[in-house]
Amino acid sequence: MALTDVIYQNTPGNSEGFPLGVPSSYSWYGGSTGHTGSTPPSNFTSVTGWGQVYPKSGATNDSNPANVQIADFQTWVHLKTGGWVLVQDQATDPIAGSQFLADFSGNTNTSWSVTRQADGSAMGAAPLSGYNDHFWPGSRGTYSAGTVDGVYVQANMRTTDPNEHLVADLGADWWSTPTAAYVDGFSNNPGAGMSDWVELTTSYKTLYFTSMTSAQLQADLPPPLKGTSSPTTPTTPTTPTTPTDPTIPSQPTTPTDPTTPTTPTTPSVTAPVLDVADKSLWVAGRGGQIDLGTTVTTTDPNDNLTLNIMGLPRYETITTGDGTTLRGNNITLTSAQVDSGLTLTSYYKGNAHPVANLTLTASAMDPTTGAVMSSDPQTIRVTDPRPSSWTGGNSGSWANHGFAQLQQQMGMDTSTLANTASQTTGWGDQSARASQASQGFALLNQYLAGGSGRVDAGQIVAAMSNGTGWTHNSFLSKPQG
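The structure contained in this document is the topic of the report that follows. (Residues numbered from 1 in each chain as written. Predicted model: local features only at pLDDT ≥ 70, side-chain atom pairs only at ≥ 80, totals over all residues. Heavy atoms only, no water.)

### Re the layout of surface pockets
Part 1: In this structure, the largest pocket spans a volume of roughly 1000 Å³.
Part 2: Along the walls of the largest pocket sit 31 residues, with His134, Asp173, Tyr182, Phe186 and Asn189 positioned nearest its centre.
Part 3: Contributing elements (two or more residues each) for the lining of the largest pocket: strand E1 (46–55), strand E8 (131–137), strand E11 (166–175) and strand E12 (191–194).
Part 4: Of the volumes computed, that of the second largest pocket is approximately 830 Å³. (1 Å grid on protein atoms, 1.4 Å probe; cavity = no way out; pocket = protein on both sides within 12 Å on 5 of 7 lines; lining within 4 Å. Points joined across faces, edges and corners; volume = space filled by probe spheres on them. Helix = DSSP H or I, 4+ residues; strand = E, 2+ residues; numbered from the N terminus.)

### Overview of helix H1 (residues 2–9)
Part 1: Listed as buried for H1 are Leu3, Thr4, Val6, Ile7 and Gln9.
Part 2: Residues of H1 that are buried in the fold lie against strand E10 (148–159), strand E13 (198–199), strand E14 (205–210) and helix H2 (214–219). (Buried < 20%, exposed > 50% of the residue type's maximum accessible area, 1.4 Å probe, protein only. Contact = heavy atoms within 4.5 Å.)

### Here we look at unusual backbone geometry
Glycine aside, a negative phi is what most residues show, and trans is what most peptide bonds show.
Part 1: The phi angle at Asn107 is positive, at roughly 55°, despite the residue not being glycine.
Part 2: Structurally, Asn107 can be placed in the loop between strand E4 (95–101) and strand E5 (109–111).
Part 3: Classification of Asn107 as partly exposed rests on a relative accessible area of 32%.
Part 4: The phi dihedral of Phe186 is positive, around 60°, even though this residue is not glycine.
Part 5: Turning to its location among the elements, Phe186 is positioned in the loop between E11 and E12.

### Remarks on the packing of aromatic side chains
Part 1: For the structure shown, the criterion picks out 12 aromatic pairs.
Part 2: When the centroid spacing of 5.2 Å and the interplanar angle of 10° are considered together, the rings of Phe18 and Tyr29 count as stacked. Here the residue Phe18 occupies a position in the loop between H1 and E1, and Tyr29 occupies one in the loop between H1 and E1, the gap between them amounting to 11 residues. An identical accessibility class is assigned to Phe18 and Tyr29; each is buried.
Part 3: Judged by centre distance (6.4 Å) and plane angle (45°), the ring pair of Trp28 and Tyr54 falls under tilted. (Phe/Tyr/Trp six-rings, centres within 6.5 Å; stacked < 30°, edge-to-face > 60°.)

Next up, the structure:
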């Protein structure tokens with residue numbers, strides 16, 4: 001019976017439902033594309049099995065919180081010389097994963113808390129409309145290059161809510177090495193394939209994926225299938241090309257039929273507007289802060305908005321208006337967090353002049369259809385202004401450098417600026433005061449660049465006369481505009 005299920009779940013046309021929020025034009029929307037016979041590139045040495053869980057398209061889910069439970073996840077590779085090797089086992093390698101936007105646009109994802117149960121299974125929250133649960137074992141499986149010609153993955157899965165309609169599938173990716181990073185184009189991790197969609201219930205169901213053809217699989221069964229009888233159903237469905245296959249009788253009435261308005265050509269979601277006030281920011285090192293000046297808006301009040309920020313270095317954090325501090329190379333924020341105000345803080349302690357390029361992408365999701373649209377990415381260049389030569393003794397030179405930057409932004413008369421800057425040279429004997437002044441004028445530079453209004457040379461001179469008493473003027477550190 002198990003072998004019958006393996007062949008059935010890897011034959012096109014046998015899906016029990018379809019994933020909400022995935023465009024029907026995607027090649028994997030319908031599930032399996034058949035036993036691919038996929039083999040890894042000859043120099044690859046790693047593989048990982050994975051799974052996905054989506055709300056079922058066309059079904060109504062209740063509002064009660066539900067979980068997904070995963071047990072006995074295993075990945076096996078087939079050797080060219082014959083036989084199988086277990087390379088991933090949930091018993092020793094716990095499940096990990098994230099919740100991604102349904103169509104994986106922008107690779108946008110949020111953390112997914114998975115807890116290990118007493119029986120060794122993994123428990124995580126079921127996905128909401130517009131998202132999925134995408135999971136895999138924590139470590140990739142390994143093998144010797146050139147020795148493998150197929151992969152087999154299986155897992156037991158269920159949901160905790162009888163009124164929750166979820167579909168799930170399994171698949172696998174070949175990886176160049178056990179630690180290779182993901183790159184656009186999948187050159188480091190070409191897919192080995194995926195299975196059909198299986199609707200989850202409160203009882204465990206076993207899901208299967210294999211890249212082997214039916215003949216290859218039956219000629220050399222993986223250990224979990226040893227002792228199973230020959231398949232009792234045809235190796236291909238009776239109507240493989242029609243969505244009204246008897247195995248999914250509800251399909252003709254679902255709103256996600258490819259001919260319905262959920263096709264990507266008529267999305268029910270409006271592209272959001274991402275506005276960045278200044279795409280070139282300076283922030284003082286170690287404790288310096290700057291407002292990111294970012295807003296996300298939409299003309300469709302029903303859409304759920306998010307903002308993804310990539311490229312944040314380890315020495316910087318982003319804090320929301322409610323005091324939540326975020327760090328990491330890939331951050332996703334809600335519209336409420338963006339509206340509360342985003343402050344970037346630098347903790348850089350070195351003597352270099354680091355530059356970070358932050359890539360921001362706004363996304364909007366229709367809560368009913370799960371359709372998603374994203375803005376064009378925008379880049380903010382964040383520079384820590386402390387120069388590599390800064391030692392604390394040449395404060396007059398650094399202050400003059402800061403005023404040269406002000407001259408470029410304000411168009412001040414050269415002689416006026418020179419007279420103004422000359423007043424800073426007396427700070428050299430007070431290194432701590434000079435450090436405060438240099439950071440204060442860096443903040444002043446940002447304040448003026450923020451469009452706060454005209455400031456003439458007389459104001460700058462007046463300000464300079466008070467330079468010895470400045471200690472990070474709070475007014476200048478506030479967001480302006």
